[in-house]
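# Working through the structure, step by step
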Amino acid sequence: MDKHVIFAAGGIVWDNAKNPRLAIVFRTRYGEEWSLPKGKKNQEESWEQTALREVREETGLNAEIIKYAGTINYLAKGKPKVVIFWHMRSTGVSSKPRDPEAICMKWVSIKEALSTIKYEEEKELLEQCGFPLIEFRKNMKKAKAFDWTARWKSLFSNAIVGRLRGDLETYRSELESVIKRSNAPLEHWSITAQSLLDKTESYVSQGEVDIGWKTLHTSRRQQIFGMSPDQLQNYSSMLRIEAEKLNEWRKKVVVDLLGEPGHPRNNITADMVYLAASLRDEHFNNSYYKNNLIRNTYSFLVVFLFVVLGLILVYVGSNNLETMVKTVEGHSSIPENQFFVVSLGIILFGLLGAGTSAILKISSASKVTRIPEIVNNAFVTSVRVLLGGALAYITLFFLQTDFVDSLFSFKTKFSNIQTYFVIAFVAGFSERMVLRAVETVSGKE
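Please read these numbers as outputs of a predicted model, since none were measured by experiment.

### Some thoughts on the overall build of the protein chain
Broken down by element type, the protein chain carries 16 helices and eleven strands. Evaluated residue by residue, the protein chain yields a buried proportion of 43% over its 445 residues. Across the protein chain, every contact between residues at least 6 apart in sequence was considered, and the portion connecting residues at least 24 apart equals 71%. Looking at the protein chain as shown, the accessible area adds up to about 24,200 Å², and 58% of this sits on carbon and sulfur atoms.

Put into structure tokens, the structure is as follows:
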């Protein structure tokens, strides 16, 4: 490459197809400027690798290349500079730290970008290439084709995502108004708040609702550092009232920091108010997490029960239940050639019982304030349900042994298969013994 030419690459990063917006970054190294994310090419990198790296470093986003966008060239400090751009789709927030040279990032429409970006060459490129709608949609379909986790989440989180998106847009407008009134566009708190809002938006687009709420709350708390003493006192008064809803130890800490309602503490600092607000947000985040955990477990169990019920209907409709138990001289037994078919029915009814038991347990647990995460985790719940099916199968063997007759005086060989299925369903509830043990170990009792 010519040593007298500066080579660079960058990305026009889009967030969605319905109302397309692109990411622009704010820098102060060469004066205050908004521009497309870009940077110099390292010798060992390909052009595409440079573009993706620069996008990640300057915006904090991971991205996928959609198509070539165009090339611009201009003089930078007297040297010719060539920058190749690619259209990209944001795939989420990067776990790697952002380059401090790019102070913040924000999503804007093409119209907003054309009125905000400093460099005319970048503006002309945007006007010429526009938004690659067809290619973007193809990329989205390809990405979603195998993303079953995202599809599962979307079934149960659309309303929550909608609420978070609404709060996000409302607070963005509120924050912009506060920054304008306080004339603090480059204050650390305002830059941090805007950066956190951009991260929240990326989390929302990826369906990461939990992290989205946390970053939104953290962004809101940044505003505390821009408050006047009177505003801090007013905000503290609100926190003292809200502390009544918190658990005991959080309430005690907030009172120690800010005082009690009607008896405010003097000389309250922004750090003290920020800590109190953090405790409040942490409490409500935990409550949301608990409810979300219960909802996800409910969703899993409901789908599971519908599948099991469907399999039971198919099973009953395709088998002759009358031939599954044979009675000879008053003694009932399961014929050898029917044992596999009967075993399958026993397992299905055991799974139905275990699933029903798990739903009842979650229903009662949702009424208490503390639920051990290990008990409500979907993986542990699935193990408990499968255990119910296994116990029902073991029960079938147990009832077929002569050893049972020697222990109990009542008849244990039943003349119809429906009785076995009822016992299998009841056996499914025995997984609660395991749940009790897990709760004891986890310290609930």
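And the narrative resumes.
### A look at the side chain of E33
Looking at the secondary structure, you find E33 in strand β3 (residues 33–35). Leaving out residues up to four positions away in the same chain, E33 has contacts with V25, F26, R27, K118 and Y119.

### Describing the environment of G262
Tracing the chain through its elements places G262 in the loop between β8 (259–260) and β9 (263–264). G262 sits in the exposed class, given a relative accessible area of 69%. Remark: the alpha-carbon pair of G262 and R240, spanning 22 residues in sequence, is separated by 9.1 Å.

### Comments concerning a nonpolar patch on the surface
Taken together, the side chains of V303, V307 and L311 make up a nonpolar region of the molecular surface, amounting to roughly 230 Å² of accessible area. Mapped onto the elements of the fold, V307 is located in helix α10 (residues 270–318).

### Points about the packing of helix α8 (residues 229–242) against α10
Direction vectors running N to C along α8 and α10 enclose 30°, while the axes themselves pass 10 Å from each other. If you check the angle between α8 and α10, you find them roughly parallel. At the point where α8 passes α10, the crossing takes the left-handed sense. In contact with L232, Y235, S236, M238, L239 and E242 of α8, α10 contributes A270, V273, A276, A277 and R280. Among the residues making up the contact of α8 with α10, the classes are represented as eight nonpolar, one polar and two charged.

### With respect to the nonpolar core
In this structure, M324, V342, I346, V385, I417, Y420 and F421 are the most contacted members of the largest nonpolar core, which totals 29 residues. Of all the secondary structure elements, the ones that give two or more residues to this core are α10, α11 (339–365), α13 (378–399) and α15 (417–428). Of the residues forming this core, the biggest block, ten residues, is contributed by α11. For V342, the residues in contact, after removing those within four places along its chain, are Y315, M324, I334, L396, I417 and F421. Membership of the second largest hydrophobic core comes to 23 residues, among which are W14, Y74, L126 and I191.

### Focus on the pairing of strand β7 (residues 102–108)
Of all seven residues that make up β7, five are buried, and the element is covered over most of its length. Across six bridges, strand β2 (residues 22–27) lies against β7 in antiparallel orientation. The residue of β7 that forms the bridge with A23 is W107.

### Quick word on the packing of aromatic side chains
Scanning all chains against the criterion turns up nine aromatic pairs. Arranged with centres 5.8 Å apart and planes meeting at 75°, the rings of F7 and W47 form a pair that is edge-to-face. Remark: W47 occurs in helix α1 (residues 47–59) and F7 occurs in strand β1 (residues 6–14); sequence separation between them is 40 residues. Here F26 and W34 contribute two aromatic rings whose centre-to-centre distance is 5.1 Å and whose plane-to-plane angle is 50°, an arrangement assigned as tilted. Given a relative accessible area of 16%, W34 falls into the buried group. A cation over a ring is seen here: K41 above W47, with NZ or CZ 5.5 Å from the ring centre. The ring of W34 is capped by K106, whose NZ or CZ atom sits 4.6 Å from the centre of that ring.

### Remarks on the pattern of salt bridges
By the definition in use, this model includes 16 salt bridges. Of the charged contacts, one joins R53 and E45 as a salt bridge, the two residues approaching to 2.6 Å between their closest N and O atoms. A single burial state applies to R53 and to E45, both of which are buried. Across the pair E64 and R89 runs a salt bridge whose closest N-O atoms are separated by 3.3 Å. Of the two residues, E64 sits in strand β5 (residues 61–76) while R89 sits in strand β6 (residues 79–93), which places them 25 residues apart along the sequence. For R89, a relative accessible area of 8% gives the class buried. It is possible to trace a salt-bridge network through shared partners that takes in R27, E33, E58 and K118.

What counts as what
- Residues numbered from 1 in each chain as written.
- Predicted model: local features only at pLDDT ≥ 70, side-chain atom pairs only at ≥ 80, totals over all residues.
- Heavy atoms only, no water.
- Helix = DSSP H or I, 4+ residues; strand = E, 2+ residues; numbered from the N terminus.
- Buried < 20%, exposed > 50% of the residue type's maximum accessible area, 1.4 Å probe, protein only.
- Contact = heavy atoms within 4.5 Å.
- Areas by Shrake-Rupley, 256 points an atom, 1.4 Å probe, with all protein chains shown as cover.
- Patch = residues over 30% accessible without salt bridge, like charges linked within 9 Å, V, L, I, M, F, W, Y side chains within 5 Å.
- Salt bridge = Lys/Arg side-chain N within 4 Å of Asp/Glu carboxyl O.
- Axes fitted to C-alpha atoms, helices over the stretch in contact; angles between N-to-C directions.
- Parallel < 35°, antiparallel > 145°, perpendicular 65-115°, else oblique.
- Left-handed = near helix turned anticlockwise from the far one by under 90°.
- Nonpolar A, V, L, I, M, F, W, Y, C, P; charged D, E, K, R; others polar.
- Core = buried A, V, L, I, M, F, W, Y, C linked by side-chain atoms within 4.5 Å.
- Pairing = 2+ DSSP bridges.
- Phe/Tyr/Trp six-rings, centres within 6.5 Å; stacked < 30°, edge-to-face > 60°.
- Lys NZ or Arg CZ within 6 Å of the ring centre and 35° of its normal.

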